[in-house]
Amino acid sequence: MQQNQPLPPKIKISNFNFYYGDTQAIKDLNLTINENRILSIIGPANSGITTLLRSLNRLSDLSADARHEGEIFLNGEEIFNAEYNVVALRRKVGFVFDVPTPLNVSIFDNVAYGARLMRPKKTKSELAELVEQSLIKAALWDEVKDRLKAPGMSLSGGQQQRLCVARVLALNPEVILLDRPCSGLDPISTAKIEESLSVLKESLTVVIAPHSTQQAIRISDDVAFMLKGELIEDGVGAQLFARPQDPRTQDYIAGKFG
């Protein structure tokens, strides 16, 4: 009787290098990202973390002087393959930036925007259900359900960030990337986003650059520590924070640099 084979990783990064002109931002990186888990990528400024996140859905293509070496696989397919559909990739792998970027339209239309483009034949009731479920997953529904026609720009900073999360979720992604999404938010808004991430990992994979080591400790299933473009070590979050193998990781966690 043939035994079931283990599932492949959601994302596999192999011998990945990234350059802006003559400057190397990522150096020979190898990393596995498993499905339905929260991976926090931690490290000081200029460690290549944002570049790595942008490479995972090829937003890095938008930099004219950028180039890469190596491979990134999503569901076993190499995303930099010339035949890979980049539009489909960015729907599967959504991105939430550090600064909230709501559109200058209503709360409802902010969430529905991408879905209307991708699936224009959705009925009004289907679209309303999609908006509601996306706002629930982003922990925002209870705060805005009675004012969906209000401008998205009228929300607080924390609410705007959760609105941006909901807009990504409306496209039904498989992976969501978050680049320091709580960096300018108050503790209550931060807690709500962290709460939503713990729910989201049940249905998708979360990769986040947290705004602090403390946040990484709170939310991470897995952790990767990067320094000057290199992956220093990675592993299960609780184990890595308790017993880091590299003294540089220990020093960073202890706040000796950052």
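Please refer to the structure placed before this passage.
All chains use their own residue numbering, which begins from 1 and follows the written sequence. Confidence filtering applies because this is a predicted model: local features only for residues at pLDDT of at least 70, side-chain atom pairs given and counted only at 80 or more, and all residues used for totals across whole chains, interfaces and linings. Side-chain calculation: all heavy atoms of the structure are included, whereas hydrogens and water are not.

Enquirer: Is there a simple way to think about the packing of aromatic side chains in this case?
Expert: To describe a pair of aromatic rings, one takes the distance between the centres and the angle between the planes. The aromatic pairing rule takes the rings of Phe, Tyr and Trp, using the six-membered ring of Trp, and pairs them if the centres are within 6.5 Å, calling planes under 30 degrees apart stacked, those over 60 edge-to-face and the rest tilted. For the structure on display, the rule yields 6 aromatic pairs. Feature note: the residues Phe16, Phe18, Tyr20 and Phe80 constitute an aromatic cluster, connected by ring pairs. It is Arg67 that lies over the ring of Tyr19; its NZ or CZ is 4.0 Å from the centre. Charge-over-ring placement is defined geometrically: NZ (Lys) or CZ (Arg) within 6 Å of the ring centre, and within 35 degrees of the ring normal.

Enquirer: When you look at the pairing of strand S3 (residues 38-42) in this model, what are you seeing that I'm missing?
Expert: A regular strand places its side chains on the two faces of the sheet in alternate fashion. Partly exposed describes any residue whose relative accessible area lies between the buried limit of under 20% and the exposed limit of over 50%, with all areas from a 1.4 Å probe on protein chains only and scaled to the type maximum. Every helix listed is a DSSP run of H or I at least four residues long, and every strand listed is a run of E at least two residues long, numbered separately from the N terminus. The element S3 is largely enclosed, with a buried count of 5 among its 5 residues. Burial of S3 is two-sided: the residues Ile38, Ser40 and Ile42 facing one way and the residues Leu39 and Ile41 facing the other way are all buried. Two elements, S3 and strand S8 (residues 205-209), share 3 bridges in a ladder whose sense is parallel. Looking across to S8, one finds that Ile38 is bridged to Val206. Strand pairing is assigned whenever DSSP detects at least two bridges linking the two strands.

Enquirer: For this particular structure, what's the right way to read the side chain of Asp246?
Expert: Take Asp246: it is sitting in the loop between helix H9 (237-242) and helix H10 (247-253). Residue class for Asp246 comes out buried when judged on its relative accessible area of 15%. Here, residues are in contact when the closest pair of their heavy atoms is within 4.5 Å. With sequence-adjacent residues up to four places away left out, Asp246 is seen in contact with Ile232 and Glu233.

Enquirer: Would you take a moment to explain the nonpolar core for this structure?
Expert: Nonpolar side chains in soluble globular proteins generally cluster together in the buried interior. With 35 residues, the main nonpolar core has Leu135, Val165, Ile176, Leu178 and Leu197 as its most contacted residues. Only helix H3 (107-118), helix H4 (124-137), helix H5 (141-144), helix H6 (157-169), strand S7 (175-179), helix H7 (187-200) and S8 provide two or more residues apiece to this core. Excluding residues within four positions of it along the chain, Ile176 makes contact with Gly94, Val96, Val165, Val168, Leu169, Leu204, Thr205, Val206 and Val207. Within this scheme, the nonpolar core is defined by two criteria: the residues are buried Ala, Val, Leu, Ile, Met, Phe, Trp, Tyr or Cys, and they are joined through side-chain atoms within 4.5 Å. Among the nonpolar cores identified, the runner-up in size contains 29 residues, and Leu31, Ile33, Leu53 and Leu89 belong to it.

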